[in-house]
Amino acid sequence: QGGGQPEAFLLGGGGGPAAGSASVVTISVWRAPDHRKMRWKNGHGTTYEVATSPDGSGTADFDWRISFADVDTDGPFSSFAGIDRVILVVEGQQMVLTIDGRRYALEPHQPLGFAGESFTTCQLPAGPTRDLNVMTRRGRVLASVEVRTLAPGGVLRAEMADLLLLVALTGDLAIRERWSSSPARAGRYD
């Protein structure tokens with residue numbers, strides 16, 4: 001998340017490509033207005049699917065899935081057997097989840113991981129929220145979610161991974177691979 005000025009994200013660690021090495025980095029930006037709007041699996045709310053893998057997979061066959069959800073009322077979460085979930089409130093003041101009988105009060109930008117098949121209900125003591133969801137198929141994909149705050153003009157140096165996804169939560173971002181001079185631009189929720 002950042003302020004009103006663009007930030008630069010540098011993707012890649014180390015000192016640069018070694019002579020003779022083939023380093024391929026692809027930067028794709030999924031724009032917020034293009035996120036696919038759909039009903040929750042249980043039909044109780046709306047989600048905005050950012051990306052899935054494999055591309056075009058549905059709720060039953062993805063390896064990983066990134067989405068936003070608008071939560072307007074108290075109620076149950078959809079069950080996703082075999083899926084690990086991380087949820088993060090990005091708008092609103094608080095979401096209270098009860099997961100298999102244990103209560104968690106989520107404040108904004110505080111990630112919480114849990115098993116997708118857990119019996120999960122939600123309460124909204126301070127009104128509607130929007131959350132970011134990261135879902136991964138257990139045994140196939142592992143994910144970690146971190147929230148980083150940058151000062152205007154700040155730089156984030158990220159270690160390389162098989163896949164690195166950045167979500168602009170509050171401001172505009174300039175995203176570039178370390179050795180590239182032309183950044184891709186990402187706005188809020190891109």
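Residues numbered from 1 in each chain as written. Predicted model: local features only at pLDDT ≥ 70, side-chain atom pairs only at ≥ 80, totals over all residues. Heavy atoms only, no water.

(A) Seen up close, the environment of P183. Its location among the elements puts P183 in the loop between β13 (173–177) and β14 (184–186). P183 sits 10 residues away from L173 along the chain, and the two C-alpha atoms are 9.1 Å apart. (Helix = DSSP H or I, 4+ residues; strand = E, 2+ residues; numbered from the N terminus.)

(B) Geometry of the pattern of salt bridges. Within the structure shown, the criterion is met by 8 salt bridges. The partner of D63 in a salt bridge is R140, with the nearest N and O atoms 2.5 Å apart. Remark: R140 occurs in the loop between β11 (129–137) and β12 (155–158) and D63 occurs in the loop between β3 (46–53) and β4 (64–71); sequence separation between them is 77 residues. Classification of R140 by relative accessible area gives exposed; the value is 56%. (Salt bridge = Lys/Arg side-chain N within 4 Å of Asp/Glu carboxyl O. Buried < 20%, exposed > 50% of the residue type's maximum accessible area, 1.4 Å probe, protein only.)

(C) Focus on the packing of aromatic side chains. Evaluation of the coordinates by the stated rule reveals 3 aromatic pairs. Ring geometry for F62 and F80: centres 6.3 Å apart, planes at 55 degrees, overall tilted. Linking F62 in the loop between β3 and β4 with F80 in the loop between β5 (75–76) and β6 (83–91), this pair joins segments that are 18 residues apart in sequence. Owing to a relative accessible area of 0%, F62 belongs among the buried residues under this scheme. Centre to centre, the rings of F77 and F114 are 6.5 Å apart; their planes meet at 50 degrees, and the pair counts as tilted. Highlighted residues: F77 in the loop between β5 and β6 and F114 in strand β9 (residues 112–115), separated in sequence by 37 residues. Here the two residues F77 and F114 agree in accessibility, since each one is buried. The residue whose ring lies beneath R137 is F62, and the NZ or CZ to ring-centre distance is 5.2 Å. (Phe/Tyr/Trp six-rings, centres within 6.5 Å; stacked < 30°, edge-to-face > 60°. Lys NZ or Arg CZ within 6 Å of the ring centre and 35° of its normal.)

(D) Representation of the side chain of T47 in the model. Of note, T47 is situated in strand β3. Since its relative accessible area comes to 4%, T47 is described here as buried. At 2.8 Å, the side chain of T47 forms a polar contact with the backbone oxygen of F68. (Polar contact = N/O pair within 3.5 Å; in protein donor to acceptor, adjacent residues only side chain to side chain.)

(E) Layout of the pairing of β4. For β4, the buried fraction is high: 8 of the 8 residues fall into the buried class. In this structure, β4 lies alongside β11, joined through 8 bridges in antiparallel fashion. Bridged to I66 within β11 is V134. (Pairing = 2+ DSSP bridges.)

(F) View of the confidence of the model for the protein chain. Across the protein chain, the average pLDDT comes to 80, with 81% of residues at 70 or higher. Across residues 1–22, confidence stays below pLDDT 50; counting only partners more than four residues off in sequence or on other chains, it has 65 contacts. (pLDDT = per-residue confidence, 0-100. Contact = heavy atoms within 4.5 Å.)

(G) Inspection of a nonpolar patch on the surface at higher detail. Taken together, the side chains of W30, L163 and L165 present a nonpolar region at the surface, about 270 Å² in accessible area. Structurally, L165 can be placed in the loop between β12 and β13. Among the residues examined, L165 registers a relative accessible area of 34% and is labelled partly exposed. (Patch = residues over 30% accessible without salt bridge, like charges linked within 9 Å, V, L, I, M, F, W, Y side chains within 5 Å. Areas by Shrake-Rupley, 256 points an atom, 1.4 Å probe, with all protein chains shown as cover.)

(H) Up close: the nonpolar core. Among the nonpolar cores identified, the biggest contains 14 residues, and F77, I87, M95, L97 and C122 are the most heavily contacted of them. Ranked by residue count, the leading element in this core is strand β7 (residues 95–99), at 3 residues. Residue contacts for F77: discarding those within four places in its chain leaves N42, R85, I87, M95, L97, F114, T120 and C122. Y48, F68, L132 and Y189 belong to the second largest nonpolar core, which has 13 residues in total. (Core = buried A, V, L, I, M, F, W, Y, C linked by side-chain atoms within 4.5 Å.)

(I) Broad picture of the sheet that holds β11. An order of β2-β3-β4-β11-β6-β9 is seen for the 6 strands of this open sheet, with the pairing classed as antiparallel. Each of the sheet's edge strands pairs with one partner strand only, and the pair in question is β2 (36–39) and β9. Ignoring strand direction, the axes of neighbouring strands in this sheet form an average angle of 30 degrees. (Axes fitted to C-alpha atoms, helices over the stretch in contact; angles between N-to-C directions.)

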